[in-house]
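Chain by chain, the residues:
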Amino acid sequence: MKFVIGIFLGLIAAAFVQGTVVHQLGQGQDGASLVAIVAGLWAAWPLCARGLLERKAFLHPPVRRYQMPAKHAFAKVRQVLTDSTYNYGDKWFVSTADNDQLKLVACLRFTDEEMRMEGTSVSRMTVRKERKQRLLELEVQLEKEPGNTTLIQFDFRPKVEGLAWHACDRIVFAFLHDVQVLLGLGEEAYAEAKEPVKLVPPWWLLAITVLGLMSFTGAVGKHMEQNWQKVLDGPKEVERQKADELQTEESMRDEIAAWKKFKEIYNVR
C-alpha cells in the first residue's frame, strides 16, 4: 500500500512542479523538466523506502525464541509443511530436512489467474485472464539455546510470473499463522539490540537531484537572459513600431493621392 501511495504522491508532485515552476520558464522548460522528475522522486521515496523495509521484514521475519526443545520445534515446523494444502491441492515440496543441522528447505509451486488489459484504444479495451506461474521458496533455520529454548529464522523468496509481485503473500501469511498455532507466539530474540532504521537517501537519488538542480539553474539563467534581452530590445522595438506606423500612414496618403488623381483624369465622381 505504501508503494501505491508513494507513487501517487510522486506523480502529483511532479505534475505540480511541471505545471507551476517549470511551465513559467517558457522555452527553457524542456531543460528544467528534470526538476519535476526530481520533485516526484523525493515525494515518492520516503514511502517507497519504508514499503521496501516492511516488505523485507515480511519475507524475512525477525528471529523468534520458543520455549521448547529444538527437536520438538523442528518436528512441528515439519508437520506444518507436510499438512498444509493450498489452492485445492498445492503442497510444499521439502527438499532438505536435516535433523542434525536443524535446517529445512522447501518450495511451493502453483499457478494463479492474473487479469490483463488488452486493446488498441480505451473504448476497445478488454479484460483477459491468464494463467501465471508462482514459486515460493522457504528456508527454516533452527538453533538450540540453553534451557530447552529454540531460535527459529524463516526466510521466504517468492518468484512470480507477471506483474502480481504480491501473489505469494497469502501463502506466507497462512504458513506463519499455522506455525503460530502449533508453536505459539514466541518472542523476538534480538528486539532489545535492534536500532531504529534511518532512511538515508540513496546515491542515485542524490546524483539525479544534483543534475536536476544544474538543469534548472541553466534553464532559469536562459530565461532571465531572454527577458533581459527583451528589455534591451524594448526601445528598438518601439522605434520599429513607430517607423512601421509612419510607413503605413505614408502609404495611405499615397493611395489617397493616387485615387484623387485617378478621379480627375477619368472625371469620376
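This write-up is about the structure you can find in this document. Residue numbers restart at each chain and count upward from 1, following the sequence in its written direction. Where local features are concerned, this predicted model is filtered to residues with pLDDT of at least 70; where side-chain atom pairs are given and counted, the filter is 80 or more; whole-chain, interface and lining totals use all residues. With hydrogens and water stripped out, all remaining heavy atoms of the structure feed into the side-chain values.

Notes on the packing of helix α3 (residues 70-83) against helix α4 (residues 169-183)
In helix packing, the relevant descriptors are the interaxial angle and the interaxial distance, both defined with respect to the helix axes. Orientation of α3 relative to α4, taken along the N-to-C sense of each, is 140°, at an axis distance of 10 Å. With respect to α4, the axis of α3 lies oblique. The interaxial crossing formed by α3 with α4 has right-handed handedness. Across the interface between the two elements, Ala 73, Lys 76, Val 77, Gln 79, Val 80 and Leu 81 from α3 touch Phe 175, Asp 178, Val 179, Leu 182 and Leu 183 from α4. Note on method: axes are straight lines fitted to C-alpha atoms, helices fitted across the in-contact stretch only, with angles between N-to-C directions ranging 0 to 180 degrees. In this text, helices come from DSSP runs of H or I with a minimum length of four residues, and strands from runs of E with a minimum of two, each type numbered from the N-terminal end. Each angle is binned into one of four classes, with values under 35 degrees roughly parallel, values over 145 roughly antiparallel, values of 65 to 115 roughly perpendicular, and all other values oblique. By convention the crossing between two helices is left-handed if the near helix lies anticlockwise of the far one by an angle smaller than a right angle, and right-handed if it lies clockwise. We call two residues contacting when some pair of their heavy atoms lies within 4.5 Å.

As for a negative patch on the surface
Candidate patch residues must exceed 30% relative accessible area and have no salt bridge, after which like charges are joined if within 9 Å and Val, Leu, Ile, Met, Phe, Trp or Tyr side chains if within 5 Å. Reported accessibility uses the Shrake-Rupley method at a 1.4 Å probe radius. Residues are deemed covered only where the shown protein chains occlude them. When a carboxyl oxygen of Asp or Glu is within 4 Å of a side-chain nitrogen of Lys or Arg, the pair counts as a salt bridge. Neither His nor the chain ends is counted toward charge; the positive residues are Lys and Arg and the negative residues Asp and Glu. All charge positions are set by atom: Lys at NZ, Arg at CZ, Asp at CG, Glu at CD. On the surface, Glu 245, Glu 249, Glu 250, Asp 254 and Glu 255 cluster together into a negatively charged patch. Relative accessibility thresholds used throughout: buried, under 20% of the residue-type maximum; exposed, over 50%; partly exposed, between the two (1.4 Å probe, protein chains only). Residue classification places Asp 254 among the exposed residues on the basis of a relative accessible area of 55%.

Things to note about the pattern of salt bridges
Tallied over the full model, the rule gives nine salt bridges. One salt bridge in this structure joins Glu 187 and Arg 65, with 3.5 Å as the shortest N-O distance. With Glu 187 in strand β8 (residues 187-188) and Arg 65 in strand β1 (residues 64-66), this pair connects stretches of sequence that are 122 residues apart. Look at Glu 187 and you get partly exposed, because its relative accessible area is 40%. Across the salt bridge formed by Lys 132 and Glu 130, the nearest N and O atoms sit 3.0 Å from each other. The network of salt bridges with common partners includes Lys 103, Glu 137, Glu 139, Arg 157 and Lys 159.

Some details on the pairing of strand β5 (residues 103-118)
With five bridges joining them, strand β4 (residues 93-98) and β5 adopt antiparallel strand pairing. Each bridged residue has a counterpart across the sheet, and for Thr 96 the counterpart in β5 is Val 105. The rule for pairing is simple: two strands pair if DSSP sees at least two bridges between them. Between the antiparallel neighbours β4 and β5 lie four residues, among them Leu 102 with a positive phi of about 55°. Inspection of the sheet shows β5 paired to strand β6 (residues 126-145) by 16 bridges, in the antiparallel sense. Opposite Arg 109, over in β6, you have Leu 135 as the bridge partner.

Section: a nonpolar patch on the surface
Together, Ile 5, Phe 8, Leu 9 and Ile 12 make up an exposed nonpolar region whose accessible area comes to about 360 Å². With respect to the secondary-structure elements, Ile 12 resides in helix α1 (residues 2-22).

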